[in-house]
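Next come the chains, spelled out residue by residue.
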Amino acid sequence: MTKGRFGIHGGQYIPETLMNAVNELEEAYNKYKDDPDFQKELAELFNEYAGRPSRLYYAKRMTEDLGGAKVYLKREDLNHTGAHKINNVLGQALLAKKMGKTRLIAETGAGQHGVATATAAALFGMECVVFMGKEDTERQALNVYRMKLLGADVVPVTTGTATLKDAVSETMREWTRRIEDTHYCLGSAMGPHPFPTIVRDFQSVISKEIKEQMLEKEGKLPDAVLACVGGGSNAIGTFYNFIEDRDVKLIGCEAAGRGVDTFETAATIATGREGIFHGMKSYFCQNEYGQIAPVYSISAGLDYPGIGPEHAYLHDTGRAQYVAITDDEAVEAFEYLAKTEGIIPAIESAHAVAYARVLAPKMRKDQTIVVTLSGRGDKDCAAIARYRGEDIHE
Amino acid sequence: MSKIYKAFENKKAFIPFITCGDPDLDTTKKCVLEMIKNGADLVELGIPFSDPTAEGPVIQGANERALKGGVTTDKVFAMVKELRKETDTPFVFMTYANVVYSYGAEKFLTACEEIGIDGIILPDLPYEEKEEFLPYCKKHGVDLISMIAPTSSDRIAMIAKEAEGFIYVVSSLGVTGTRSEITTDLASIIKVIRENAKVPCAIGFGISTPEQAAKMAALSDGAIVGSAIIRLLEESGPAAPEKLGEYVKSMKSA
């Protein structure tokens, strides 16, 4: 089996033009990942710039309302730039700088990763170009403005379905055009090796902190950890340090869109099959001839037809469970958390909150679950209002 | 051994690319026959893919039009079967790994053997991952074509040593599409290929004019032209087969 495999998943299915670039990245990553100076510099950025460690908040009202397991919220939404994306971006930008790269390119769906990349580029004095599906530039106009404010160029992608998958394709194309000075700051735990590993490692700070915080607050590990899954970076970050703790249930919440029995869904585990795309072998929503399906979700960040290879493996082995949450359920959870806890979650994260509402009442009161709030929901308010029939403008 | 070598026998090969089913399979068939009549030595047949990540806008457009028209892998196989009744010019498929993987590698390559496909080019299958399909290719006598890029440097010898059929040399960085100028130091890349490979090499990406084709063919064993053909096809409407024939003639005589 070739490099970067998780069971049969993963690998490096990319054009020859990019092979030396990913090899160079892997070499640099192996050199720096255990380098104390690099880690010290990164920890400082995490703590002083991004505001880590993020809080583990006991959601008392939600717990009482649901009447079962104690619910904790891992507040990645409180990070600088408002989402977990900054963890990975600070790591990759620092790595890129060490590699002598002066330009960052990135894809973005909801815009959170684009904003995080533009932020790191500004911080490190690097050039930045973000590719974003044209449809997403419209549903996430505020984030487009934020990126521009941070000095990035935002390129609307009009090919294909003009959403996240097309943004990834276009960023890959751009990387083949210009490699020498450019690092592709991939935003999720997907793509060709070494990206799934690098992104997972930088995001695993989430589960590292959850573990410490739970031991401190409860004196034991959680019974279940929940996170939403598109490509799966906040989920793998939430799961990673618990994989060996077999008693901790790992639950990923996919976007079912209008339902897994409709064509308007982005639930890859529920509806996809094994395939090779965007540099990796994994599960993909596709037709019988392997044409990638035009997926749909209300959440631009989960609107992706594939899933990271480590999730595919965790699914195969049964170590993690993946559930599908519809638009309706996510929107209800979005509103529920706002009213119950005074926290407006990203619509992506609301998918995990939705499943917590199903799961917690079925569990005992002495059990605990942790839900990762991957991002904050300010960016989604206008879209949710429209979903509810209110025409408001940002 | 496939019959790809015949395309390079005692001459520089001219290799046109066409996306099957753009705008329909009947047009593709007519265009292929016209191009062969006018001197095409090997034809690269693209099986459309929804997300062709190595293609520029022109070929992306062709893929989209073909899929919109309802083309499937099975329909492309049926067209090739028809073409084989009229020509024995070598054919190679150009598509993406998922098209083969999803169809089932064994089933896909069995079909290739049956309909007379000589080779297959998968731009998202680098040297490191070729074992995914190579055993099936070998079993069915289909050459898995290797690509070498301007960034390949220390990888050239390794790739060239194991190459089959011919080597596809990518002329420049980036995706497919016409370029006014090709600035890569191809001569030194091809020198390393020559020292290591048993098969010929042809240059593709960015070639559109007879002058460029002549220059690239002089450096290597042939020239591959894609986007320029797709664009001409798109502009010519019903006259496409004839126009493509004329174009191939002009390129071939350059």
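Conventions used here
- Residues numbered from 1 in each chain as written.
- Chains lettered and ligands numbered in written order.
- Predicted model: local features only at pLDDT ≥ 70, side-chain atom pairs only at ≥ 80, totals over all residues.
- Heavy atoms only, no water.
- Pairing = 2+ DSSP bridges.
- Helix = DSSP H or I, 4+ residues; strand = E, 2+ residues; numbered from the N terminus.
- Salt bridge = Lys/Arg side-chain N within 4 Å of Asp/Glu carboxyl O.
- Buried < 20%, exposed > 50% of the residue type's maximum accessible area, 1.4 Å probe, protein only.
- Contact = heavy atoms within 4.5 Å.
- Phe/Tyr/Trp six-rings, centres within 6.5 Å; stacked < 30°, edge-to-face > 60°.
- 1 Å grid on protein atoms, 1.4 Å probe; cavity = no way out; pocket = protein on both sides within 12 Å on 5 of 7 lines; lining within 4 Å.
- Points joined across faces, edges and corners; volume = space filled by probe spheres on them.
- Nonpolar A, V, L, I, M, F, W, Y, C, P; charged D, E, K, R; others polar.
- Polar contact = N/O pair within 3.5 Å; in protein donor to acceptor, adjacent residues only side chain to side chain.
- Buried area = accessible area lost by both parts, 1.4 Å probe.

Peer 1: A description of the sheet that holds strand β1 (residues 5–6) of chain A should follow, citing residues and the corresponding values.
Peer 2: By definition, the strands of a sheet pair up through backbone hydrogen bonds, in either a parallel or an antiparallel sense. Residue and element names in this part refer to chain A. Pairing is antiparallel across the open sheet formed by four strands, whose spatial order is β1-β2-β12-β11. Among the strands making up the open sheet, the edge pair consists of β1 and β11 (273–277). Note that β11 and strand β12 (residues 279–284) share five bridges and pair antiparallel. Bridge pairing in β12 links Arg273 to Phe284.

Peer 1: Account for the pattern of salt bridges, with residues named and values stated.
Peer 2: Residue and element names in this part refer to chain A. All chains considered together, the criterion is met by 47 salt bridges over all chains. Salt-bridge contacts for Glu24 lead to Lys101; the nearest nitrogen and oxygen are separated by 3.7 Å. Of the two residues, Glu24 sits in helix α1 (residues 16–32) while Lys101 sits in the loop between α4 (85–98) and β5 (103–108), which places them 77 residues apart along the sequence. Across the pair Lys165 and Asp166 runs a salt bridge, and its minimum N-O distance is 3.3 Å. According to the relative accessible area criterion, Lys165 is buried, its value standing at 5%. The class for Asp166 is buried, based on a relative accessible area of 2%. Through salt bridges that share partners, Arg103, Glu127, Glu170, Arg173, Glu174, Arg177, Arg178 and Asp181 make up one connected network.

Peer 1: How would you sum up the side chain of Gln203 of chain A? Please name residues and give values.
Peer 2: All names here are of chain A. Positionally, Gln203 belongs in helix α9 (residues 195–203). On the basis of relative accessible area, Gln203 is assigned to the buried category, the value being 0%. Not counting chain neighbours up to four residues away, the residues in contact with Gln203 comprise His84, Lys85, Asn87, Asn88, Ser233 and Gly237.

Peer 1: An account of the packing of aromatic side chains is needed here, citing residue identities and associated values.
Peer 2: Here the distance between the centres and the angle between the planes together describe a pair of aromatic rings. For the coordinates displayed, the defined rule picks out 16 aromatic pairs over all chains. On the numbers, 6.1 Å between centres and 65 degrees between planes, the contact of Trp175 of chain A with Phe195 of chain A is edge-to-face. One end of the pair, Trp175 of chain A, is in helix α8 (residues 164–177); the other, Phe195 of chain A, is in helix α9, with 20 residues separating them in the sequence. For the pair formed by Trp175 of chain A and Phe195 of chain A, the shared burial category is buried. Measuring from centroid to centroid gives 5.3 Å for Phe77 of chain B and Phe108 of chain B, while their planes differ by 65 degrees, and the two rings are edge-to-face. With Phe77 of chain B in helix α3 (residues 73–83) and Phe108 of chain B in helix α5 (residues 105–115), the pair connects residues that are 31 residues apart, well separated along the chain. On the accessibility criterion, Phe77 of chain B (6% relative accessible area) is buried. Through a chain of ring-to-ring contacts, the aromatic side chains of Phe277 and Phe284 of chain A together with Phe49 and Tyr96 of chain B assemble into a single cluster.

Peer 1: How would you summarise the layout of surface pockets if you had to cite specific residues and measurements?
Peer 2: Of the volumes computed, that of the largest pocket is approximately 580 Å³. Counting residues per element, the lining of the largest pocket draws most heavily on helix α2 (residues 57–68) of chain B, which supplies three residues. Here the lining of the largest pocket is composed, by residue class, of 11 nonpolar, 10 polar and five charged. Taken as a whole, the second largest pocket spans an internal volume of roughly 410 Å³. Together, 19 residues line the second largest pocket, and Gln39, Phe46, Asp201, Val205 and Lys208 of chain A are the ones closest to its centre. By residue number, the principal contributor to the lining of the second largest pocket is helix α10 (residues 205–218) of chain A, which donates six residues. Partitioned by chemical class, the residues of the lining of the second largest pocket number seven nonpolar, four polar and eight charged.

Peer 1: Which residues make up empty space enclosed by the protein, and what values go with them?
Peer 2: Residues and elements named next belong to chain A. One pass over the structure, following the stated rule, counts 10 cavities of 30 Å³ or more. If you add up the space inside the largest cavity, you get close to 330 Å³. In terms of lining residues, the largest cavity is bounded by 30 residues, among which His84, Lys85, Gly301, Leu302 and Glu348 are the most central. Elements that contribute at least two residues to the lining of the largest cavity include exactly β5, α5 (112–124), α8, β9 (224–229) and α11 (233–239). In the lining of the largest cavity, the residues fall into 10 nonpolar, 16 polar and four charged.

Peer 1: Got a sec to walk through the environment of Ser2 of chain B? Specific residues and values, please.
Peer 2: All names here are of chain B. Relative to the elements of secondary structure, Ser2 occurs in the segment before β1 (13–19). Counting along the chain gives 117 residues from Ser2 to Gly119, while the straight-line C-alpha distance between them is 7.4 Å. Discounting chain neighbours no more than four positions away, the residues touching Ser2 are Asp118, Gly141 and Asp143. At 3.2 Å, the side chain of Ser2 and the backbone nitrogen of Ile4 are in polar contact.

Peer 1: With reference to specific residues and values, describe the interface of chain B and chain A.
Peer 2: Across the boundary between the two partners, chain B contributes 41 residues, which contact 36 residues of chain A. The junction of chain B with chain A conceals about 3,000 Å² of combined surface from both sides, 48% of it contributed by carbon and sulfur atoms. If you sort the residues of chain B by the area they bury against chain A, Asp51, Thr53 and Glu129 of chain B come out on top, with a joint share of 18%. Across the chain B-chain A interface, the total number found is four salt bridges.

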